[in-house]
Amino acid sequence: MLTIERLNKTFAAPSGPVVALSNIRLQVERGQFITFIGPSGCGKSTLLKIVAGLDTAYEGTVELNGKAITGPSIEKGFIFQEPRLFPWLTVEKNIAANLSLRSADVRRRVDELIELVRLKGFEKAYPKELSGGMAQRVAIARALLRKPEILLLDEPFGALDAFTRSHMQEALLDIWQNSRTTMLFVTHDLDEAVFLGEKVVIMNPRPGHIRNVIGIDLPYPRKRTGASFQELRSRVLGEFEKVESPPQTDVGAGI
Amino acid sequence: MSANDIAWEGAADAGKAATGKPETGKPSPGIAAAGKQGRARLPKWLYGWVLPLAVLALWEAASALGLVSDSALPAPSRIARAFWQLCASGDMAEHLKMSALRAGGGFLLGGATGLLLGVFTGLGRWAERTLDPSIQMLRTVPLLAVIPLFILWFGVGEFSKVLLIALGSFFPVYFHTHLGVNSADKKLYEVTRILQYSKLKLMTKLILPAALPNILLGVRLSVGASWLLLAVAEMMGASAGVGYMIQDARVYAQTDIVFVGILLFALVGKLSDSAVRLAERRCLRWSNTYKG
């Protein structure tokens, strides 16, 4: 379980301190799929980096299973917007990364994951030979090999074309339903947020804060064209149109 | 109609004549290939040999006709004969062995030091600030200017020769290793933090592979530098080696042997450069403009 209480984050900028996150309150149960959506500058990526332990200069409480997050750890996987593969390693070695393929256990798991992300036949390919979607699937397999309890995804499909993106979304849901990994998924794509998340966290900028949390009570697999999908989509969109109104100072969310 | 169009039409016509095929609306690849063949019948690898062979032929003819002095520019055939004699007598092998030992020893010593120091200053801010400015300053000193100092300190023996070569091959490897290690991708570094790489794995699985293209470039430049300094070192006084062979032949006005020596340097230099290039191709198969 992930608990965030009274989280504040301030950046030092040449023009003075900038409040990136203000009074964030959030609770995520194990196995949930949460999407974060908001315009750029709303602090959603910063929030993800804090949970990952990549950024530890914050105020407030951020705990995973009751333990404060003080740095990166193996139970927190991270998928960046770019695949960030090691260009000198083949697909299978990229997935193994700092683990040795000579270990029978690692070898077996890597083979399973290659099967899972549908990259059979590309084990020995170098990243430069892969398409953007394939490279991102390698990155996902690399994160899953560590069996993370929570997977943090920072606009992972943002650079992909619409067709590949929708395929990747379905693949990710498959993986989630099989592994029951907690997913925190940051996006700026409204459809993506509603299509994937059990809950959509809507964030606003200046200062970055949580505006609202909307539960998406639709069964998977979801139909983008369904009436209820469209209705929820408009509700989320409606939240954005209130952006101009002054931010509430104490809107937190218990999920 | 542009010049390009005219050339294209000409090629297509030549192709038609060669293959005897009826004209079709679109030029087929076969026609284009036939046009190319019509322009040049030489195999690709031969192109590079055309100029040197022509020069050699002219040179040989000029010598035979007595147009050039034999003591300044001996005929290629005479140089070839001297080459063969030196081969047969075993002198050449002896000289080459000596030279290769000096160049190899100096290169290994200098290259290894450059690699270690380059990684060291590339990684640590503190090391970079304290060491790098001094090394960069020393780099600008012309190496040949320190030869007298080396002779004063260590005499003209093997030690000062190897040391001179080591110094010359140190700088390129140092400089490029430093650069490569320094410019390792910050985004990939973040990945290694997420995946919990150990310090050792960070070194062997991120920093060194990322710097490898730069390191190999440095190695190639170093190999070149070590042959250059070998020639200098052997001419400042030695009793064996290709440089000595050249110097000795000069004293006795054996111009043909001087040419043989120069030829040897060219061959060995090219060979070692090719070896490093081969290593580059092997090790850097993954690279070409991959951004990720």
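Residue positions are counted from 1 within each chain, in the order its sequence is given. Labels follow written order: the first chain is A, the first ligand is 1, and so on. Local features are withheld for residues below a pLDDT of 70 in this predicted model, meaning they are given only at 70 or higher, and side-chain atom pairs are given and counted only at 80 or more; totals for whole chains, interfaces and linings count all residues.

To be explicit about the condition: UniProt positions are given in the numbering used here, feature names are shortened, and annotations may be inferred rather than shown by experiment.
By the naming in an unreviewed UniProt entry, chain B goes by ABC transporter permease and is assigned to Cohnella fermenti. Per UniProt, chain B has the following entry under Sequence similarities (unreviewed entry): "Belongs to the binding-protein-dependent transport system permease family." The record held by UniProt for chain B lists under Subcellular location (unreviewed entry) the comment "Cell membrane".

Looking up chain A in an unreviewed UniProt entry gives the name ABC transporter ATP-binding protein, with the organism given as Cohnella fermenti.

### Thoughts on the domain arrangement of chain A
Residues and elements named next belong to chain A. Keep this limit in mind: Domain start and end points were adopted from an automatic or database domain assignment. We call two residues in contact if the C-beta atoms placed from their backbones are at most 7 Å apart. Under the DSSP-based scheme used, a helix requires at least four consecutive residues in state H or I and a strand at least two consecutive residues in state E, with every element numbered from the N terminus. Nonpolar residues are Ala, Val, Leu, Ile, Met, Phe, Trp, Tyr, Cys and Pro. Charged residues are Asp, Glu, Lys and Arg, and all others, Gly as well, are polar.
In terms of domain boundaries, chain A breaks down into domain 1 (2-75 + 148-240) and domain 2 (86-147). For domain 1 and domain 2, the distance between their C-alpha centres works out to 25 Å. Counting residues at the interface gives 12 residues for domain 1, matched by nine residues for domain 2. Broken down by element, the residue count for the side of domain 1 that touches domain 2 peaks at five residues, all from helix 5 (residues 162-179). When grouped by side-chain class, the residues that make up the side of domain 1 that touches domain 2 number 10 nonpolar, two polar and no charged.

### What about unusual backbone geometry?
Residue and element names in this part refer to chain A. Residue Pro 207 is reached from Arg 206 by a cis peptide bond, and omega for that bond is -10°. Relative to the helices and strands, Pro 207 resides in the loop between strand 9 (199-204) and strand 10 (209-215). For the bond running from Tyr 220 to Pro 221, omega is -10°, close enough to zero to count as cis. Inspection of the secondary structure puts Pro 221 in the loop between strand 10 and helix 7 (227-240). At Lys 147, a residue that is not glycine, the phi angle is positive and equals roughly 45°. Summarising the element assignment, Lys 147 is placed in the loop between helix 4 (132-145) and strand 7 (150-154). Unusually for a residue other than glycine, Arg 180 sits at a positive phi of about 55°.

### A few points about the nonpolar core
Put simply, the test is: Nonpolar core, as used here: buried Ala, Val, Leu, Ile, Met, Phe, Trp, Tyr and Cys residues forming one set through C-beta atoms within 7 Å. Residues with at least 20 neighbouring C-beta atoms inside 10 Å of their own are called buried, those with 12 or fewer are called exposed, and the rest are partly exposed, where every C-beta is derived from the backbone.
In this structure, A:Val51, A:Val138, A:Leu152, A:Leu184 and A:Val200 are the most contacted members of the largest nonpolar core, which totals 72 residues. No other element matches the seven residues that helix 4 of chain A contributes to this core. Ignoring any residue separated from it by four or fewer positions in sequence, one finds A:Leu152 in contact with A:Leu48, A:Val51, A:Ala52, A:Lys76, A:Gly77, A:Phe78 and A:Leu184. Counting residues in hydrophobic clusters, the runner-up holds 28 residues, among them B:Ala166, B:Leu167, B:Val173 and B:Leu206.

### Quick word on the domain arrangement of chain B
Taken domain by domain, chain B holds domain 1 (3-41), domain 2 (45-73) and domain 3 (83-283). Taking only C-alpha atoms, the centre of domain 2 of chain B and the centre of domain 3 of chain B are 34 Å apart.

### Some details on the confidence of the model for chain B
Residues and elements named next belong to chain B. Stated formally: By definition, pLDDT measures how confident the predictor is in each residue, and it falls between 0 and 100.
Overall, the prediction assigns chain B a mean pLDDT of 82, with 85% of residues at 70 or greater. Note on residues 1-35: pLDDT under 50 across the span, and 22 contacts to partners over four residues away in sequence or across chains. If you check the scores for this complex, the pTM reads 0.76 and the ipTM reads 0.83.

### Thoughts on the sheet that holds strand 4 (residues 59-64) of chain A
Counted only if it meets this: A pair of strands is treated as paired once DSSP finds two or more bridges between them.
With respect to topology, four strands assemble into an open sheet ordered 2-1-4-5 (chain A), the strand pairing being antiparallel. Where the open sheet ends on each side, the last strands, each with one partner, are strand 2 (16-28) and strand 5 (67-68) of chain A.

### Considerations on the pairing of strand 1 (residues 2-13) of chain A
All names here are of chain A. Of the strand pairs in this sheet, strand 1 and strand 2 are connected by nine bridges, and their pairing is antiparallel. Counterpart to Thr 10 in the pairing with strand 2 is Val 19. With antiparallel pairing between neighbouring strands as the criterion, strand 1 and strand 2 make up a hairpin whose turn holds two residues. Both strand 1 and strand 4 contribute to a ladder of five bridges, which runs antiparallel. Counterpart to Glu 5 in the pairing with strand 4 is Thr 61.

### A word on helix 1 (residues 44-52) of chain A
Counting along an α-helix, one turn takes 3.6 residues, and residues three or four places apart therefore face a common direction. For helix 1 of chain A, the tally of buried residues reaches eight of nine residues, placing the bulk of the element in the interior. Of the positions making up helix 1 of chain A, those classed as buried are A:Lys44, A:Ser45, A:Thr46, A:Leu47, A:Leu48, A:Ile50, A:Val51 and A:Ala52.

### Observations concerning the packing of helix 5 (residues 91-123) of chain B against helix 8 (residues 158-182) of chain B
The relative placement of two packed helices is expressed as an angle between their axes plus a distance between the axes. Residues and elements named next belong to chain B. We apply this condition: Angles here are taken between N-to-C directions and fall from 0 to 180 degrees, while the axes themselves are lines fitted to C-alpha atoms, restricted in helices to the stretch in contact. By definition in this entry, angles of less than 35 degrees are roughly parallel, angles greater than 145 are roughly antiparallel, angles of 65 to 115 are roughly perpendicular, and the rest are oblique. Whether a crossing is left-handed or right-handed is set by the direction in which the near helix is turned from the far one by less than a right angle, anticlockwise for left-handed and clockwise for right-handed.
Put simply, helix 5 and helix 8 touch, their axes get as near as 6 Å, and they point 30° apart. Here helix 5 is positioned roughly parallel relative to helix 8, judged by the angle of their axes. The hand of the helix 5/helix 8 crossing is right-handed. Residues that form the contact of helix 5 with helix 8 fall into these classes: 16 nonpolar, 14 polar and two charged.

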